[in-house]
Structure formats: C-alpha cells, structure tokens
Amino acid sequence: MTQANKPDIKYLFEPRSVAIIGASHSKGKIGYKMVENIVYGGYKGKIYPINPKGGEMLGLRAYTGLDEVEGDIDMACIVVPAKYTFDAVRECARKNVKYLVVITSGFSEIGNRDEENQIVEFAKENGMRVLGPNIFGIYSAGGKINATFGPKDIMEGGVSIITQSGALGIAMIGKTKAENIGLSSIISLGNKADVDEADLLEYLVNEERTKVIMMYIEGIKEGERLICKLKEITRKKPVVVIKSGRSKRGAMAAASHTGSLAGADEVFSSIMTQCGVLRAESIEEALNWCKFFTEIPAPKGENCVIITNGGGIGVMCADACEKYGVELYDDIKTMKDAFADAVPPFGSLKNPVDLTGGAAIEDYERCIRAALNHKNIDSIICLGCEAAVFDVDKLPDMTESIFKDKRNLKPIVFSFVGGSRLEEKIGEMRRRGIPVFPELYSGVSCLGAAYRQFRYSKAQVEPDAVVDIDADTINEVIRGARADDRTFLLAHESSRVMEAAGIIMPQSRVARNLDEAVKYAESIGYPVVMKVVSKDIIHKSDAGGVALDLDNKEEIIDAYQAIMRNCKAYKADALIEGVEIAEMVNIKAGVETIIGARIDGSFGPTVMFGLGGIYVEVMKDVTFRSFPLTHREAVKMVSEIKSYALLLGVRGEKKKDINEVVNTILKVGAILQKCSDISDIEVNPLIVYEEGKGAKALDARILLTKSKVVE
Ligand code: ACO
C-alpha cells in the first residue's frame, strides 16, 4: 500500500456506510449486538447487515453477500469465526471497502500469526486497512457510530480512549459513564496488526470534540512513528497514558550496561515525558486527569494558592504540590492585597491561606472569589475539614456557583474531608461536574497534570540538535571489525570512534611489544594504565589484563609480563595483539557518569545518561530519551537524575561541566544515528570536571548489529 492509495483515517471515524459481515439473527450473538448498537446509536449513514440467510434485521434488509450491496462501503465490521475471516476480507476487496474492523479472535493472540499477517498483507495490497483483529470495535461521536459490541448507551463528551485491552475498554465505557465522563471516541486496537495508535492520533489531533486522549498500551510496535505523532499532538491537547507490563525480562537479555539498565518501562516512561505525554499510575488517576481536563480551563500561569480551614491539611497539600510540581505562590504583598478582607485576623495570609476552623461556607466563598479576582493568582486549591460551622449542605451550591461562573477562567480544585453526609455531598458535586476530590492528593495530582501540559504546550518549539561527527572514519573502523568477523570493537577502535565524534579520551597507543610499551609510556608521561588488547578477551579485568598507576619503566616491564602471563592462564588460545598504554586519569578530580546509546526494540535509537562508576547497576540512577532530541531536552535529561546535585557541586565543590555532558550525550546519539551498523555504545565512566574543564571518557564499548548494514 502506498501513501497514495491509503484510505483517509477519517473513514474509520466517520464512515458514510457500514457493512456488518456476520450480522446475526440471534439476539445473544456478537453479530446481532453490533447491528443493534449501530442502529440504536443513531448512525446516519447506510447500514448493510450481511448474513447468508438474508431476511430482515432490526428493520434493515440483510444482504446474503457484499456483492449484493449496490452502494460503496467505507467500513466493514467482520464478525465471522476466524476460519471464514480471510474469505470475508476477499469479499471486501472486491467491493473496495476502505476499513476493516475485525472483531474476530483467534489470530496472533493464540499464535496464529501467519494468517493474521496474510490477511493484513492482502488487505493492504487491495487498498484496505485493518483495525484489529481481536477487538470490540470502535465508537466515534464524530461519525455518530457505535460499531462495538459493548454497552449501547455511550455518554458523549470530550475524552477519546485508545485501548489495546478489549475487556478493559468495554469496562471503561461503563466506568466513564458512572464517573460522568463523556467520550468523543473509544477505539479497540487488539492485536494491532495494522492500524495503530499513531494512525488514530492522526485523526484525533484535529478532531474538535476530543479535548483529551487516554491510551492504554501494552506494547509498542512502531515507536519512532508514534513519537513523532505524540510530539505533535501534545502541543495541542493532553495525552494521558497507562501502560502495563513493567517487566524487566527483556532487559536481562541485553548485552551491555546500557541494555540492562534500559528496563523497558524506564525507557517508556522517559520517552513519554520527552513527548509531553502524561503517564498515570492507575486507571483511577488517568480518569481523574481526563475528567479534569475536560472540565477546567487551562492554567495561564504558575501561581497557585491553597485556601483551607485546617493547618494540617494545608501542610499536607503543600507536600502534595511539591510532589506533583504545582508551584505555591508566596508573594506576601499580593497575598495581603488579595486576602486581607477575607481572612480573619487570627487566620493566616500566607500560602496556605488559613481561614481557621471557624470558617463558614460564606467565608470560603469570599476568599475563593478574592483569589479568582486577583490578577497574580493563577490557580486555586480549596480544602476543607468538616468543622463545627462548616455547613456541608451548602457546599454543592457554593462550589457550583464558583466553578460554573463564566468569568472564572482559572483552574480550581476542591477537596473536603468529613463524615458520611459530606461524602454524600461530594458525590452530588461530582455528578454536577465539579472537580471535587475526597482525597486531596488526587486533586493535586490533577492540577499537577494540568501544569505539566501547560508547560509542555507553551515551551518554544526547538529543532533537534545537530552534531557534526566524522562518520566516514567511524564507518571505516566498522568495516575493519566486520572484515575480522567481529560484532564488537576493540578498545583502540572504540577510541578512534570517540575521537571521530570529538569525545575526549585519555591519550593512548597500542604497543605490540615491550619496547613499544616503554616508549609509549614515556611519550604519554607517567603515571599510565596498561590494558591487554585481544579480541578473545572482552572482560579485561577478569582476565588480569589491566594494570593501573604505572609510574616508571620498571613497573611497565613488570606489568607487561604479568598481563601476558595472566591472559594466557585465563585463555590459553587467546590471540593477544599487544597492550594499550593510556594516560592515567585522576578519577577523584571529577564526577563519574555514564552515557549510552542503543537501538531500542520498540523506540529505535535511544540515549541514556546517569550516574556512572562501579555502582551504576545498583543505583540505576539513569534516564533515557529517544534520539534525535533537542538541546533543551538533553539539558533536562542531565538535570533529572537523582544525583544531579553532584554535578552542581556539593560541600563547597565547584559546579561541574554540565555543558560538556550535554554535548557528549548528543555526540554519542549522533554516532548511533549516523552509523547504522552500531547497535550499542557505552561510555563508562565519563569523568566530568569543573565547569569549563570538560570531561573525559575513560572507556567506551561499542557493539555492532548482528548483520551488516553498511557495505
Ligand atoms: N458472511 C456473512 N455471515 C456469515 C458468514 C459469512 N461468510 N459466515 C457466517 N455468517 C453468519 C452466521 O450465519 C451467523 O449468523 P446467524 O447467527 O444468523 O446464523 C453469524 O455470521 C455469526 O456466525 P457464527 O458462526 O454463529 O459465529 P459466532 O457468533 O459464534 O462467533 C465471532 C463469531 C463472535 C466473531 C467469534 O468467532 C469470535 O471471534 N468471538 C470473540 C470476539 C472477541 O472477543 N473479540 C475481542 C473483543 S475484545 C475483548 O476481549 C472483550
């Protein structure tokens, strides 16, 4: 299928006609339910139930085959058993159907991958695209079509759900309704044999009903395409994601540190952040965020004020704000200016503003309105404990009058704690569409999500960083290794690659014999390090092939003889090419970091940065990004590790050369991107010196792809 004969995704969401192949006369069957939902949902296009017996179904003529239908068909829902599915797809091809919605199970999810692939290939060759198989269907408010076998009453609204799990998706239709959350669409992806998230986002990005998109993801197939789409859409509307499968299994199979640190989930999380996607921890959190996004205006600034009648919950809320990245406003002049008339003299005008336990509902209203009217305040969190004069019966009307006031263009979150009467009122407020939460952390988490979206969508668009490296030299090194039938580079080859990318390594030379070793040590200058060079010995330290801190000629001679002896004992038939003599670097003068890059199975080229050295695998203080990336994102990457303070300088130490770290990340990423034979790069440790003094890569390991890419 070429771009030219690919049907527009709009026909999946807004088909002008739909056929149901496998439409059943029996009420209990999925094929009946599909027709019923389409009819009941008020679909305005043409409906063609297809059943070998023909007849009539819910007042519609049932056709014995697609060939009998006269008009064009945009979408065909296939609800026949797996063994008849390919025949149905062939029928669709003859009729030039655009989208196939394959409900049927029994394909790759049970190992029947070949038939699934054949169906998709055939469909594509015939200009058709496949949603599914193994799905519950698609609902689209834009097309006024409920082509699912889920509930027939779907509440219309601003949330679009894309789900890989069918059962969860069907449950979500009921759950959203119970939570008073309206849907603009819900799409089941099932085995994702063809149409995937990126295709659907193509439509949703400009679809006006959709205010927020929620995705439930189990696995990613074409990550690079998805990244591009997500980066585009999150500038316009929020995307909330829930991902299952935090398994480390894939990571264990990886060959390098970078690989074993790149637990699939950490990579996923980091890349979602890079794309501006909001990752929720649970279904409840995701739904809370989605509801919030459809109900509240977007923040216009960072200044948030808490209004409370209890000091304790005020402090807890301040903790929650820190956790979720909500900035509390603390300009005391503005606070006095805004609240002096609304807060009693024994209350607090500092943030959290404390109305004290004697506050009545009217006091709250006055204080909230004061915050809404002040130009320096951008968002409000209103908290309350059910105290003596706190009349819970008045809460729904008070909160509604504030929240639904058209002049209120600021986000506001309510959270109240109290007895069963209050709980009842909270339920009533939620039904009225007021953003109220029984647990303040849930409310602040919503505001935090709104702020992350605000910052991402407002950040200036920046092009990806472009780094100049000498790719010709690197490819020449790779060709040498390939000629030697290796899928890894030797230390001196890796050093050449680093040099070609402008990454500084300690001075080093490969000595073929003892005389050369002495000569090179003296020209580099003592102290030096000596390492064995042998393609048969990868773990040099384990083989006793490394000697550190050699200070003079005698120590060189001793070390050379010891290394030769140890390595022969370690692997008698190892071919030893010589030893590498390198400048001995003072590790203590800087901070040890690690930089890696690898081709991730889901997302393609990725880079990693973290705290390095011997504790790297214990600490796992690392972060990831997809590559290419912007300079700003590389800076953010460096600042988000837990040990960032070490780079800023602790206990009177000077700040380290963070710029050089950022440049090295970009260079390592560029090597991977421009030299397609490379699968893994690991620079560990990269010693980062004081600001302005650069960084040095002490070791670099480079692995090649199993099969040759560049000739
Ligand atoms: N063209 C048109 N109609 C046909 C054809 C054909 N080539 N072949 C059969 N039919 C008709 C049948 O006559 C029957 O109609 P009838 O009941 O009036 O006689 C109808 O199609 C259905 O065929 P059945 O053989 O009765 O199949 P059944 O309904 O039992 O199952 C189904 C079909 C639902 C597709 C099943 O094979 C299946 O895959 N079920 C699982 C679906 C699923 O769970 N998907 C994932 C959802 S996500 C989640 O997990 C919730």
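Residues numbered from 1 in each chain as written. Predicted model: local features only at pLDDT ≥ 70, side-chain atom pairs only at ≥ 80, totals over all residues. Heavy atoms only, no water.

Engineer: Run through the overall build of the protein, naming residues and quoting values.
Structural biologist: The number of helices and strands found in the protein is 25 helices and 29 strands. If you line up the protein on its principal axes, its C-alpha atoms span 95 × 80 × 40 Å. Across the 711 residues of the protein, 55% fall into the buried class. Intrachain contacts of the protein at a sequence separation of at least 6 include 73% that bridge at least 24 residues. For the protein, the accessible area works out to roughly 30,400 Å², and carbon and sulfur atoms hold 50% of it. Each charge sign in the protein was given a centre, from 91 positive and 100 negative side chains, and these centres are 4 Å apart. (Helix = DSSP H or I, 4+ residues; strand = E, 2+ residues; numbered from the N terminus. Buried < 20%, exposed > 50% of the residue type's maximum accessible area, 1.4 Å probe, protein only. Contact = heavy atoms within 4.5 Å. Areas by Shrake-Rupley, 256 points an atom, 1.4 Å probe, with all protein chains shown as cover. Lys, Arg positive; Asp, Glu negative; His and termini not counted. Charge placed at Lys NZ, Arg CZ, Asp CG, Glu CD.)

Engineer: Just give me the short version of the sheet that holds strand β23 (residues 578-583), but keep the residues and values in it.
Structural biologist: Read from one edge to the other, the open sheet built from four strands follows the order β20-β23-β21-β22, with strand pairing classed as antiparallel. Because the sheet does not close on itself, it has two edges, and the strands there are β20 (508-511) and β22 (546-550). For this sheet the average axis-to-axis angle between neighbouring strands, irrespective of direction, equals 20°. With six bridges joining them, strand β21 (residues 528-533) and β23 adopt antiparallel strand pairing. (Pairing = 2+ DSSP bridges. Axes fitted to C-alpha atoms, helices over the stretch in contact; angles between N-to-C directions.)

Engineer: Account for the domain arrangement of the protein, with residues named and values stated.
Structural biologist: Split into domains, the protein comes out as domain 1 (297-458), domain 2 (507-583) and domain 3 (587-704). Summarising the inter-unit geometry, the C-alpha centres of domain 1 and domain 2 are found 68 Å apart. (Domains from an automatic or database assignment.)

Engineer: Pulling in residues and values, what's your account of the environment of Lys 300?
Structural biologist: Along the chain, Lys 300 falls in the loop between α11 (283-295) and β15 (304-308). When near neighbours in sequence (up to four residues on either side) are disregarded, Lys 300 contacts Asp 378, Leu 409 and Phe 454.

Engineer: I'd like a rundown of the sheet that holds strand β1 (residues 17-21), residues and numbers included.
Structural biologist: The strand order β2-β1-β5-β6-β7 describes an open sheet built from five strands, whose pairing is parallel. Every other strand in the sheet has two partners, leaving β2 (46-50) and β7 (129-131) as the edge strands with one partner each. Pairwise comparison of adjacent strand axes, ignoring direction, gives a mean angle of 20° for this sheet. Across three bridges, the pairing between strand β6 (residues 99-102) and β7 is parallel.

Engineer: Mind laying out the layout of surface pockets, listing which residues take part and the relevant values?
Structural biologist: Empty space within the largest pocket amounts to approximately 1,300 Å³. Around the largest pocket, the lining is made up of 47 residues, and of these Lys 531, Lys 540, Asn 684, Asp 699 and Arg 701 lie nearest the centre. Secondary-structure elements contributing two or more residues to the lining of the largest pocket are α19 (491-500), β21, β22, β23, β27 (678-688) and β29 (700-704). Counting residues per element, the lining of the largest pocket draws most heavily on β27, which supplies five residues. Classifying every residue of the lining of the largest pocket gives 26 nonpolar, ten polar and eleven charged. Two domains each provide a minimum of three residues to the lining of the largest pocket, namely domain 2 (507-583) and domain 3 (587-704). Put simply, the second largest pocket is a space of about 1,100 Å³. Contributing to the lining of the second largest pocket are 28 residues, with Thr 273, Gln 274, Gly 276, Arg 452 and Lys 636 lying nearest its centre. Where the lining of the second largest pocket is concerned, the elements lending two or more residues are α10 (264-274), β14 (278-279), α11, α12 (311-324), α17 (440-458) and α23 (631-639). Tallied by class, residues from the lining of the second largest pocket come to eight nonpolar, six polar and 14 charged. (1 Å grid on protein atoms, 1.4 Å probe; cavity = no way out; pocket = protein on both sides within 12 Å on 5 of 7 lines; lining within 4 Å. Points joined across faces, edges and corners; volume = space filled by probe spheres on them. Nonpolar A, V, L, I, M, F, W, Y, C, P; charged D, E, K, R; others polar.)

Engineer: Could you give an account of the nonpolar core, with specific residues and numbers?
Structural biologist: Grouped together as the largest cluster of nonpolar side chains are 80 residues, with contacts concentrated most on Ile 307, Phe 339, Ile 368, Phe 414 and Phe 416. Beyond its immediate stretch of four places on either side in the chain, Phe 339 contacts Val 305, Ile 307, Leu 349, Val 353, Cys 367, Ala 370, Ala 371 and Ile 377. Counting residues in hydrophobic clusters, the runner-up holds 58 residues, among them Ala 147, Ile 217, Met 608 and Val 616. (Core = buried A, V, L, I, M, F, W, Y, C linked by side-chain atoms within 4.5 Å.)

Engineer: Any details on the packing of aromatic side chains? Residues and values, ideally.
Structural biologist: Per the stated rule, a full pass over the model turns up nine aromatic pairs. Residues Phe 13 and Tyr 203 carry aromatic rings whose centres are separated by 3.9 Å and whose planes lie at 10° to one another, so their mutual orientation is stacked. With Phe 13 in helix α1 (residues 10-13) and Tyr 203 in helix α6 (residues 197-204), this pair connects stretches of sequence that are 190 residues apart. Here Phe 13 falls in the buried class, since its relative accessible area comes to 0%. Between Phe 414 and Phe 416, the ring centres sit 6.2 Å apart and the planes meet at 20°, which makes this aromatic pair stacked. Phe 416 shares its class with Phe 414; the two are buried. Here a set of aromatic residues connected by ring pairs shows up, and it is made of Tyr 364, Phe 390, Phe 414 and Phe 416. Positioned over the ring face of Tyr 456 is Arg 235, at 5.4 Å from the centre of the ring. (Phe/Tyr/Trp six-rings, centres within 6.5 Å; stacked < 30°, edge-to-face > 60°. Lys NZ or Arg CZ within 6 Å of the ring centre and 35° of its normal.)

Engineer: For the environment of Gly 358, give the residues involved together with the corresponding values.
Structural biologist: Secondary-structure assignment places Gly 358 in the loop between β16 (353-354) and α14 (361-373). Judged by its relative accessible area of 52%, Gly 358 falls in the exposed class. Residues Gly 358 and Met 619, 261 residues apart in the sequence, show an inter-C-alpha distance of 49 Å. Beyond its immediate chain neighbours, meaning those up to four positions away, Gly 358 contacts Asp 363 and Val 389.

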